[in-house]
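A structural walkthrough
So you can see what is in the structure, the chains are spelled out below.
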Amino acid sequence: MGKRERRSAEPRAEGAFKARTRVMSAEDVDRALRRMAHEILERNSGSDQLVLIGMQTGGVDLADQLGEAIREIEGAEVPVGTLDATMHRDDFGLRPVMPEAATDIPVDPTGKVIVLVDDVLYTGRTVRAALDAIHSYGRPAAVQLAVMVDRGHRELPIRPDYIGKNLPTRRDEMVDVHSDGVDLGELA
Amino acid sequence: MTNDTKHLLSIADLDRDAIEQILNLTESFAEVGERPIPKVPALRGKTIAWLFYEDSTRTRLSFETAAKRLSADTMNFSVSSSSVSKGESLRDTVATIEAMGIDGVVVRHKDAGAPHRISEWVDASVINAGDGWNQHPTQTLLDLHTARTHLGDLDGRRVALVGDIKHSRVARSNVHGFTQMGAEVTLVAPRTLLPADLDDWPVEVTHDLDSVIEESDICYLLRMQLERQEQSYVPTLREFHNEWGLDSRRASKLPPHALIMHPGPMNRGVEIDGSVADLPNAVMAEQVTSGVAVRMAVLFLLLGSGLDLVDEKVAAA
């Protein structure tokens, strides 16, 4: 994960992430992913128009895993892409900004239901940037948001549609989603 | 950019890490160019002035396209329709433009070193778009990007740089850029078209194109710069073409994976045959496309990324 989320902290905060508590095990994450896959299919009456877009970099693996879960449940292939919204951020000049990876949107999103996937939802500014970015590719019928952890502290009117875990946090804490689960800690 | 985060004046100011950083960033911007709406708001509110004291088609349009795709505002300046024709000095012209509040200046000038001088006078970022015989750093970056797209890692690759080396800023930039990335550069030219100060150049030199062509991964042809030549350097253009031009016979001796590159504009029938310029491994059109993405990366790094903040932080720590 996590680089993005770490960077969203106060501009001057630097240092290594130090885990304090394991809040989700790998199995917890897996169960949450499968529940979210079911919820996505239920909400959209199947997988027909679905496109999963993983946010660079923390959401990319999760989007792949969600696509895999949907295939197991529904037996249908869902297009999975990636999106780097760096160029649409609103904090240029406030802190260093660099794109992490190229965007890959595998289908024309016009008329599709886009499910944006990210690991941690915090201020909502990255999602705002992603909404802008998606519209330079086409006009989706709808955009929905799936996150593994909603840690609160929204600064924009943005709300997730599918949540792995609600995790109330302090602003000075950090959330790290990785292959072994989810850790809560801080920068040391 | 590790060495100077504010200006891009010479490719020699960049080490391998800095070049790779720009080339990696170029991939992200190449993707922006393929979108249905190829525009991002990264440089919204920034103003860039073009200061072109010399003719240019592709570099100028390429920078203009790059700036617009990043949502920057641009100010045009051309010598013939400006106060320069009334005798205004370079320094006064630059001061006037800067007084209007600009963030970047892209300079092309017939005198080597003009962009360096300007960078001493202004607070804005200065980007060298070609100064005399000296440097053309964004051309080198786009050539490296094009070459890497086809050949991958350039370590150990052989580059033949052919033609008018003496008058070519592209040659001076590219020798540094390609060797910095691990390639081996051979200059191929008649004695009269080689520079006098070759001792410091990290290159091989030959006068015989046929002796290197079969082992070249890149055959890079330079334009015969007739406008910079005050005397005759070759007996006739036809003779130059016969000895150092890439015709179809020579092109057929290149390895199958080899690239034919040219910075443009081409003199068909002089350094390159018309039929060779249209071969599938002649990548001139791709060079132009890469140029937009590379210049977006450079403009973004210098004007938008805030990377100088990183350096300050490192320095403070």
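Residues numbered from 1 in each chain as written. Chains lettered and ligands numbered in written order. Predicted model: local features only at pLDDT ≥ 70, side-chain atom pairs only at ≥ 80, totals over all residues.

Focus: the overall build of chain A
We apply this condition: The way it works is that DSSP assigns letters per residue, a run of H or I at least four long becomes a helix, a run of E at least two long becomes a strand, and they are numbered from the N terminus. In this treatment the radius of gyration is a C-alpha quantity, and the globule benchmark scales as 2.2 Å times the residue count to the 0.38 power. Residue burial is a threshold on neighbouring C-beta atoms within 10 Å of the residue's own C-beta, all placed from the backbone, with 20 or more meaning buried, 12 or fewer meaning exposed, and counts in between meaning partly exposed. With C-beta atoms placed from the backbone, a contact is any residue pair whose C-beta atoms sit within 7 Å.
Check the secondary structure of chain A and you find four helices and eight strands. When the helices and strands of chain A are placed in sequence order, the string is α-β-α-β-α-β-β-α-β-β-β-β. Against the 2.2 N^0.38 benchmark of 16 Å for 188 residues, chain A shows a C-alpha radius of gyration of 16 Å, consistent with a compact globule. Taken over the C-alpha atoms alone, chain A extends approximately 45 × 35 × 25 Å along its principal axes. Burial statistics for chain A: of 188 residues in total, 40% are counted as buried. For chain A, restricting intrachain contacts to residue pairs at least 6 apart in sequence, the fraction spanning at least 24 positions comes to 73%.

Observations concerning the overall build of chain B
Within chain B, the secondary structure is distributed over twelve helices and nine strands. The C-alpha radius of gyration of chain B comes to 20 Å, within 12% of the 20 Å expected for a compact globule of 317 residues. Along the first, second and third principal axes, the C-alpha set of chain B runs to 55 × 45 × 40 Å. Counted over contacts in chain B with a minimum sequence separation of 6, partners at least 24 positions apart contribute 75%.

Examining the sheet that holds strand β6 (residues 162-166) of chain A
Residues and elements named next belong to chain A. For clarity, the threshold we go by: By the convention used here, strands pair only if DSSP detects at least 2 bridges between them. Between N-to-C directions, angles span 0 to 180 degrees; the directions come from axes that are lines fitted to C-alpha atoms, helices contributing only their stretch in contact.
What the five strands build is an open sheet, ordered β3-β2-β4-β5-β6; its pairing is parallel. Only two strands of the sheet have a single partner each, and these edge strands are β3 (80-83) and β6. The sheet shows a mean angle of 25° between the axes of neighbouring strands, taken without regard to direction. Bridge count for strand β4 (residues 113-121) against strand β5 (residues 142-150) is eight bridges, and the pairing is parallel. In the strand pairing of β5, Ile114 is matched with Val143. Helix α3 (residues 60-74) rests against β2 (50-55), β3, β4 and β5 of the sheet, and its axis sits at about 155° to β2. Where helix α4 (residues 125-134) meets the sheet, its contacts fall on β2, β3, β4 and β5, and the angle it forms with β4 comes to roughly 155°.

Considerations on the packing of helix α5 (residues 137-151) of chain B against helix α6 (residues 169-180) of chain B
Describing two packed helices takes the angle between their axes plus the distance from one axis to the other. All names here are of chain B. Cut-off, in case you're wondering: Here roughly perpendicular refers to angles of 65 to 115 degrees, roughly parallel to angles under 35, roughly antiparallel to angles over 145, and oblique to all remaining angles. Handedness of each helix crossing follows the sense of rotation of the near helix against the far helix: counterclockwise by less than a right angle gives left-handed, clockwise gives right-handed. Gly is placed with the polar residues, together with every amino acid not listed as nonpolar (Ala, Val, Leu, Ile, Met, Phe, Trp, Tyr, Cys and Pro) or charged (Asp, Glu, Lys and Arg).
Interaxial distance between α5 and α6 falls to 8 Å at its minimum, and their mutual angle equals 50°. In terms of their interaxial angle, α5 and α6 are classed as oblique. Of the two elements, α5 crosses α6, and the hand of that crossing is right-handed. Only Val170, Ser173, Asn174 and Gly177 of α6 make contact with α5, whose side of the interface consists of Pro137, Gln139, Thr140, Asp143 and Leu144. Residues that form the contact of α5 with α6 fall into these classes: three nonpolar, five polar and one charged.

With respect to the sheet that holds strand β4 (residues 125-131) of chain B
All names here are of chain B. Strand order across the open sheet formed by four strands is β2-β1-β3-β4, with parallel pairing between neighbours. Looking along the sheet, the strands with just one partner apiece sit at the ends: β2 (73-75) and β4. For this sheet, the mean inter-axis angle between neighbouring strands, taken without regard to orientation, is 20°. Bridge analysis of strand β1 (residues 47-52) against β2 gives three bridges, and the strand direction is parallel. By the bridge assignment for β2, Thr47 is matched with Asp73.

Structural notes on the nonpolar core
Using the following cut-off: Here a nonpolar core is just a set of buried residues of the types Ala, Val, Leu, Ile, Met, Phe, Trp, Tyr and Cys, joined wherever their C-beta atoms sit within 7 Å.
Among the nonpolar cores identified, the biggest contains 90 residues, and Leu70(B), Leu161(B), Val162(B), Cys219(B), Ala297(B) and Leu299(B) are the most heavily contacted of them. With eleven residues, the single largest contributor to this core is helix α11 (residues 284-304) of chain B. Sequence-distant contacts of Ala297(B), defined by excluding residues within four places in its chain, comprise Ile22(B), Leu25(B), Thr26(B) and Phe29(B). Among the nonpolar cores identified, the runner-up in size contains 45 residues, and Leu52(A), Leu116(A), Tyr122(A) and Val149(A) belong to it.

Some remarks on the pairing of strand β3 (residues 104-109) of chain B
All names here are of chain B. Of all six residues making up β3, six are buried, and the element is well covered by its neighbours. In β3, alternate side chains face the same way, and those of Gly104, Val106 and Arg108 on one face and Val105, Val107 and His109 on the other are all buried. With five bridges joining them, β1 and β3 adopt parallel strand pairing. The partner of Ile48 across the bridge, within β3, is Gly104.

Quick word on α5(B)
This is how it is decided: What a helix should span is 1.5 Å times the count of its residues minus one.
Between the first and last C-alpha of α5(B) there are 21 Å, a value that for 15 residues agrees with the 21 Å anticipated at 1.5 Å per step. Pro137(B), Thr138(B), Gln139(B), Thr140(B), Leu141(B), Leu142(B), Asp143(B), Leu144(B), His145(B), Thr146(B) and Ala147(B) are the residues of α5(B) that are buried.

Side note on the domain arrangement of chain B
All names here are of chain B. Going by this rule: Delimitation of the domains relies on an automatic or database domain assignment.
Split into domains, chain B comes out as domain 1 (11-136 + 288-306) and domain 2 (137-287). Taking only C-alpha atoms, the centre of domain 1 and the centre of domain 2 are 25 Å apart. Residue-level contacts link 24 residues of domain 1 with 25 residues of domain 2. Contributing elements (two or more residues each) for the side of domain 1 that touches domain 2: α1 (16-33), β4 and α11. Counting residues per element, the side of domain 1 that touches domain 2 draws most heavily on α11, which supplies seven residues. Per-class residue counts for the side of domain 1 that touches domain 2 are ten nonpolar, ten polar and four charged.

Some remarks on the interface of chain A and chain B
Taken together, the contact between chain A and chain B spans 15 residues of the former and 18 residues of the latter. For the side of chain A that touches chain B, the residue count by class is eight nonpolar, five polar and two charged.

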